[in-house]
Amino acid sequence: MHFKHRLRDATLAGLAAFVAVILLSYLKSWAHLMVLSAPLGATLVLLLLLPSAPLSRPKNVILGHLLTSGIAVLGMALIPDPMLGLATSFGLGITLMVLTDTLHPPAGANPILIYLSGAHLPPMDFMVPTLLGSLFMVGFASLYHYIFTHRRYPFGPKVPKAAEPATAAPSTPTTAENRANESS
């Protein structure tokens, strides 16, 4: 990729990230709901810059974050030892994301974030912000790609024109086939 294209893409992604964080920061002060976290920031990087990656699919983003946050909330409630609870939640979260085909690496950090917060909040105080933040990131990425890349997110890798299947035209027999048909 040429430097000018990289510079354009980097600048657009940086400005989009700025806008997303500003919006979520104002939402926090308006709704008194923390919907911005480090894992969601990492999610935004993937959605803006690697939208074709399988780990950037909306299903992976939303369910990966919900799954790992839910596991951490359960771990805090059921495992009294915080170190054992964190390790169990972290490992189980990764295992379940793989088994449910919702692997999203930034979501793996949710148990660490939840345990390090040390807050024993009601489960919905973790789950609702995670859901709203994930939905916001997916919606924001959709809008960003629609406006700036002129593609609908989620999308797969670009298919080169030469690799697209050609419409099947009726085949005409070759000269050799014509001679074979005439001689029979």
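What counts as what
Residues numbered from 1 in each chain as written. Predicted model: local features only at pLDDT ≥ 70, side-chain atom pairs only at ≥ 80, totals over all residues. Heavy atoms only, no water. Helix = DSSP H or I, 4+ residues; strand = E, 2+ residues; numbered from the N terminus. Buried < 20%, exposed > 50% of the residue type's maximum accessible area, 1.4 Å probe, protein only. Contact = heavy atoms within 4.5 Å. Polar contact = N/O pair within 3.5 Å; in protein donor to acceptor, adjacent residues only side chain to side chain. Patch = residues over 30% accessible without salt bridge, like charges linked within 9 Å, V, L, I, M, F, W, Y side chains within 5 Å. Areas by Shrake-Rupley, 256 points an atom, 1.4 Å probe, with all protein chains shown as cover. Salt bridge = Lys/Arg side-chain N within 4 Å of Asp/Glu carboxyl O. Phe/Tyr/Trp six-rings, centres within 6.5 Å; stacked < 30°, edge-to-face > 60°. pLDDT = per-residue confidence, 0-100. Arc of directions from axis to C-beta.

Here we look at the environment of Tyr153
Here's step 1: Take Tyr153: it is sitting in the loop between helix H6 (124-149) and helix H7 (175-183).
Here's step 2: For Tyr153, a relative accessible area of 6% gives the class buried.
Here's step 3: A sequence separation of 97 residues divides Tyr153 from Ser56, and the C-alpha atoms of the two residues are 9.7 Å apart.
Here's step 4: When near neighbours in sequence (up to four residues on either side) are disregarded, Tyr153 contacts Leu47, Pro51, Ser56, Arg57, Pro58, Val61, Val138, Ala141, Ser142 and His145.
Here's step 5: At 2.3 Å, the side chain of Tyr153 forms a polar contact with the backbone oxygen of Ser56.

Concerning a nonpolar patch on the surface
Here's step 1: Taken together, the side chains of Phe90, Ile94, Val98, Leu103, Ile112 and Leu116 present a nonpolar region at the surface, about 490 Å² in accessible area.
Here's step 2: Broken down by secondary-structure element, the contributors of at least two residues to the nonpolar patch are helix H4 (82-99) and helix H5 (110-117).
Here's step 3: Top element by residues in the nonpolar patch is H4. It accounts for 3 residues.
Here's step 4: Tracing the chain through its elements places Phe90 in helix H4.

Focus: the packing of aromatic side chains
Here's step 1: All chains considered together, the criterion is met by 2 aromatic pairs.
Here's step 2: Ring centres of Tyr144 and Phe148 lie 5.3 Å apart, and the angle between their planes is 45°; on these two criteria the pair is classed as tilted. One end of the pair is Tyr144 and the other is Phe148, both in helix H6 and 4 residues apart, which spans about a single turn.

Some points on the pattern of salt bridges
Here's step 1: All told, the structure shown has 3 salt bridges when counted by the stated rule.
Here's step 2: Where Arg8 meets Asp9, a salt bridge forms, and the shortest distance between an N and an O atom there is 2.9 Å.
Here's step 3: Its relative accessible area of 45% is what places Arg8 among the partly exposed residues.
Here's step 4: A relative accessible area of 25% places Asp9 in the partly exposed class.
Here's step 5: We note a salt bridge from Asp101 to Arg57, for which the minimum N-O separation is 3.6 Å.

Here's the deal with the environment of Ala20
Here's step 1: Mapped onto the elements of the fold, Ala20 is located in helix H1 (residues 3-31).
Here's step 2: For Ala20, a relative accessible area of 0% puts it in the buried group.
Here's step 3: Separated by 117 residues in sequence, Ala20 and Met137 have C-alpha atoms that sit 8.0 Å apart.

Remarks on the confidence of the model for the protein
Here's step 1: The predicted model of the protein has a mean per-residue pLDDT of 85, with 84% of residues at 70 or higher.
Here's step 2: Mean pLDDT across the secondary structure elements of the protein bottoms out at H7, with 50, and peaks at H4, with 97.

Some thoughts on the side chain of Ser56
Here's step 1: Along the chain, Ser56 falls in the loop between helix H2 (38-49) and helix H3 (58-78).
Here's step 2: The contact partners of Ser56, leaving out residues within four places of it in the chain, are Leu46, Leu47, Leu50, Pro51, Val61 and Tyr153.

Section: H5
Here's step 1: Listed in full, the buried residues belonging to H5 are Asn110, Pro111, Ile114 and Tyr115. Each buried residue of H5 lies within a common arc of 125° when the element is viewed along its axis, so the set occupies one face.
Here's step 2: Buried positions along H5 lie against H2, H3, H4 and H6.
Here's step 3: Backbone geometry just downstream of H5 places Gly118 in the positive-phi region, at approximately 65°.

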